[in-house]
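This is what each chain is made of:
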Amino acid sequence: MVAFLILFLHVLISPFKTRARLEAEIVLLRHQLNVLRRRVPSKPKLAVADRLLFVWLHRLFPSLLNAITIVRPETVIRWHRTGFRLYWRWKSRSSGRSAKGSH
């Protein structure tokens, strides 16, 4: 949860950074991901909050799928579709009529 709050703080601060600084930061972060991927070849263990963040960012900016490096873009789309199905299953179940109707 703390990591998510730190990320949120960085998002709030980023509009005040120069474009060149943001691009340099992106290059640096991508390089770090590549280094980590070489050291840890197995699948990463993602928390639910991580998955929700990926899905939320994909929903806001679908073109970001090209920037994903630790999971496959198809995986993010699958998570999004699964969440959509779960939401509508919950929505249709909770708004249904009760079985105890008076005759």
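Quick caveat: nothing in here was measured; it's all calculated off a predicted structure. (Residues numbered from 1 in each chain as written. Predicted model: local features only at pLDDT ≥ 70, side-chain atom pairs only at ≥ 80, totals over all residues. Heavy atoms only, no water.)

1. Focus: the side chain of His58
Argument step 1. With respect to the element layout, His58 can be found in helix 3 (residues 48–60).
Argument step 2. Each residue touching His58, except ones within four places of it in the same chain, is listed here: Leu65, Val76, Ile77 and His80. (Helix = DSSP H or I, 4+ residues; strand = E, 2+ residues; numbered from the N terminus. Contact = heavy atoms within 4.5 Å.)

2. With respect to the pattern of salt bridges
Argument step 1. On inspection of all chains with the given rule, the structure shows 2 salt bridges.
Argument step 2. Put simply, Arg19 and Glu23 hold a salt bridge, and the shortest N to O gap is 3.2 Å. Here Arg19 pairs with Glu23, and both are found in helix 2 (residues 19–39), just 4 residues apart, close to one helical turn.
Argument step 3. The exposed category is assigned to Arg19, whose relative accessible area is 65%.
Argument step 4. Between Glu25 and Arg21 there is a salt bridge, with its nearest N and O atoms 3.3 Å apart. Taken as a pair, Glu25 and Arg21 lie in helix 2 at a separation of 4 residues, close to a single helical turn.
Argument step 5. On the accessibility criterion, Glu25 (24% relative accessible area) is partly exposed.
Argument step 6. When its relative accessible area of 46% is taken as the criterion, Arg21 is described as partly exposed. (Salt bridge = Lys/Arg side-chain N within 4 Å of Asp/Glu carboxyl O. Buried < 20%, exposed > 50% of the residue type's maximum accessible area, 1.4 Å probe, protein only.)

3. Digging into a nonpolar patch on the surface
Argument step 1. Side chains of Met1, Phe4, Leu5, Leu7 and Val11 sit close together on the surface and give an oily, nonpolar patch of about 510 Å² of accessible area.
Argument step 2. Residue Phe4 is classed as partly exposed on the basis of its relative accessible area, which comes to 38%. (Patch = residues over 30% accessible without salt bridge, like charges linked within 9 Å, V, L, I, M, F, W, Y side chains within 5 Å. Areas by Shrake-Rupley, 256 points an atom, 1.4 Å probe, with all protein chains shown as cover.)

4. Things to note about the nonpolar core
Argument step 1. Ranked by size, the top nonpolar core spans 6 residues in total: Val55, Leu65, Ile68, Val71, Val76 and Trp79.
Argument step 2. Those residues within four positions of Val76 in sequence are excluded, and the remaining contacts are Phe54, Val55, His58, Leu65, Ile68 and Val71. (Core = buried A, V, L, I, M, F, W, Y, C linked by side-chain atoms within 4.5 Å.)

5. Remarks on helix 3
Argument step 1. With 13 residues, helix 3 ought to run about 18 Å at 1.5 Å a step, and its terminal C-alpha atoms sit 18 Å apart, in line with that.
Argument step 2. Within the sequence span of helix 3, burial applies to Leu53, Val55 and His58. (Expected span 1.5 Å × (residues − 1).)

6. A short note on a positive patch on the surface
Argument step 1. Side chains of Lys43, Lys45, Arg51 and Arg78 sit close together on the surface and give a patch of like positive charge.
Argument step 2. By secondary structure assignment, the location of Arg78 is in helix 4 (residues 73–94). (Lys, Arg positive; Asp, Glu negative; His and termini not counted. Charge placed at Lys NZ, Arg CZ, Asp CG, Glu CD.)

7. So, the packing of aromatic side chains
Argument step 1. Applying the stated criterion across every chain, the model contains 4 aromatic pairs.
Argument step 2. Taking the centre distance of 6.3 Å and the plane angle of 25 degrees together, the rings of Phe54 and Trp79 count as stacked. Placement of Phe54 in helix 3 and of Trp79 in helix 4 is noted, with a sequence separation of 25 residues between them.
Argument step 3. Phe54 sits in the partly exposed class, given a relative accessible area of 22%.
Argument step 4. A residue is classified by how much of its surface remains accessible, and Trp79, at 14% relative accessible area, is buried.
Argument step 5. Ring geometry for Tyr87 against Trp88: centres 5.1 Å apart, planes inclined by 80 degrees, an arrangement best described as edge-to-face. (Phe/Tyr/Trp six-rings, centres within 6.5 Å; stacked < 30°, edge-to-face > 60°.)

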